[in-house]
Amino acid sequence: TQVKPEDTLIRLGETVQLDAIGEAVMWVWSPVDYIADPMVKNPLVKPDSSMRYRVVGWDKYGCTDTAYANVRVQHQSNLFIPNAFSPNGDGLNDIFKVENITYERLQILRIVNRWGEVVFESQDPNKGWDGTIDGKPAPTDVYYYQATFTPPIGKDDIKITGDVTLTR
């Protein structure tokens, strides 16, 4: 028994079809995590981290053979942070927030003014800064942000810093 592909690289969220090649009439794939059907010759797999799959095939005489497939999973972040926003109530760019968060987990989004005073802070990826400080409109100015994320794969946090211009 062989497996095709034997070693493959996919992006997080993608699916790959594995295929057992040989004289087997029955197959069992393991681990069963992220396998659509572990009892078929060519299952679809969608792992959320790199996995080594094993297939055991039985031929018509009851003899077994084993093969392995390595599916490596890579994550490419598509985070987007705008460099300006205009909280003027027109429904366009009224909130400053990180866009395209998919598999990352927001630890903190912190915004400070030019004197280093925190004007906004949140761990909620759906909540952004509305351009107010203590409920009052913040002045037109350049503010600075730091966003820290936990990646779905890997051990190093993603830290992004920059500035954003508030215009009215």
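In short, a report on the structure. (Residues numbered from 1 in each chain as written. Predicted model: local features only at pLDDT ≥ 70, side-chain atom pairs only at ≥ 80, totals over all residues. Heavy atoms only, no water.)

### Looking at the overall build of the protein
The secondary structure content of the protein amounts to 0 helices and 15 strands. The C-alpha radius of gyration of the protein comes to 24 Å, more than 25% above the 15 Å expected for a compact globule of 168 residues. Reported as C-alpha extents along the three principal axes, the dimensions of the protein are approximately 80 × 30 × 20 Å. Across the 168 residues that make up the protein, the buried fraction comes to 33%. Looking at the protein alone, contacts between residues at least 24 apart form 51% of all its contacts between residues at least 6 apart. Here the protein displays about 10,100 Å² of accessible surface, and carbon together with sulfur accounts for 47% of that area. Distance from the positive charge centre (17 side chains) to the negative charge centre (23 side chains) of the protein: 2 Å. (Helix = DSSP H or I, 4+ residues; strand = E, 2+ residues; numbered from the N terminus. Rg over C-alpha atoms; globule rule 2.2 N^0.38 Å. Buried < 20%, exposed > 50% of the residue type's maximum accessible area, 1.4 Å probe, protein only. Contact = heavy atoms within 4.5 Å. Areas by Shrake-Rupley, 256 points an atom, 1.4 Å probe, with all protein chains shown as cover. Lys, Arg positive; Asp, Glu negative; His and termini not counted. Charge placed at Lys NZ, Arg CZ, Asp CG, Glu CD.)

### Things to note about the sheet that holds strand β9 (residues 84-85)
Within the open sheet, the 5 strands sit side by side as β9-β15-β14-β10-β11. Their pairing is mixed. The outermost strands of the open sheet, each flanked by one partner alone, are β9 and β11 (118-122). Note: strand β10 (residues 105-112) against β11, 4 bridges, orientation antiparallel. When the sheet's bridge partners are listed, R110 is paired in β11 with E121. (Pairing = 2+ DSSP bridges.)

### Let's talk about the packing of aromatic side chains
Tallied over the entire structure, the rule returns 4 aromatic pairs. Judged by centre distance (5.7 Å) and plane angle (45°), the rings of F85 and F96 are tilted. Within this pair, whereas F85 is found in strand β9, its partner F96 is found in the loop between β9 and β10, the two being separated by 11 residues in sequence. Overall, the relative accessible area of 0% leaves F96 in the buried class. Ring geometry for F96 and Y145: centres 5.5 Å apart, planes at 45°, overall tilted. Of this pair, F96 sits in the loop between β9 and β10 while Y145 sits in strand β14 (residues 141-150), placing them 49 residues apart in sequence. In terms of burial, F96 and Y145 fall into one category: buried. Every member of this aromatic cluster is reached through a ring pair, and the members are F85, F96, W129, Y143 and Y145. (Phe/Tyr/Trp six-rings, centres within 6.5 Å; stacked < 30°, edge-to-face > 60°.)

### Side note on the pattern of salt bridges
Counted according to the given criterion, the structure contains 4 salt bridges. Residue R114 is joined to D141 by a salt bridge in which the shortest nitrogen-to-oxygen separation is 2.5 Å. Taken together, the positions of R114 in the loop between β10 and β11 and D141 in strand β14 put the pair 27 residues apart, joining distant regions of the chain. The partly exposed category is assigned to R114, whose relative accessible area is 47%. (Salt bridge = Lys/Arg side-chain N within 4 Å of Asp/Glu carboxyl O.)

### Some points on the pairing of strand β2 (residues 7-11)
Only one face of β2 is covered, namely the one carrying T8 and I10; the face carrying D7, L9 and R11 has none of its residues buried. Summarising the sheet, β2 and strand β8 (residues 64-74) pair through 5 bridges and their orientation is parallel. Across the sheet, residue D7 finds its bridge partner in β8, namely N70.

### Some remarks on the pairing of β8
Pairing of strand β7 (residues 51-58) with β8, which is carried by 8 bridges, proceeds in the antiparallel orientation. From the neighbouring strand, V56 faces β8, where its bridge partner is T66. Hairpin remark: β7 followed by β8, antiparallel, with 5 residues in the connecting loop; positive phi at G62, about 90°.

### What about the sheet that holds strand β5 (residues 26-30)?
Strand order in the open sheet formed by 4 strands is β2-β8-β7-β5, with mixed pairing between adjacent strands. The open sheet has two free edges, formed respectively by β2 and β5, since each of these has just one partner strand. Here the average twist between neighbouring strands, direction ignored, is 25°. (Axes fitted to C-alpha atoms, helices over the stretch in contact; angles between N-to-C directions.)

Shape descriptors only; they carry no functional weight alone.
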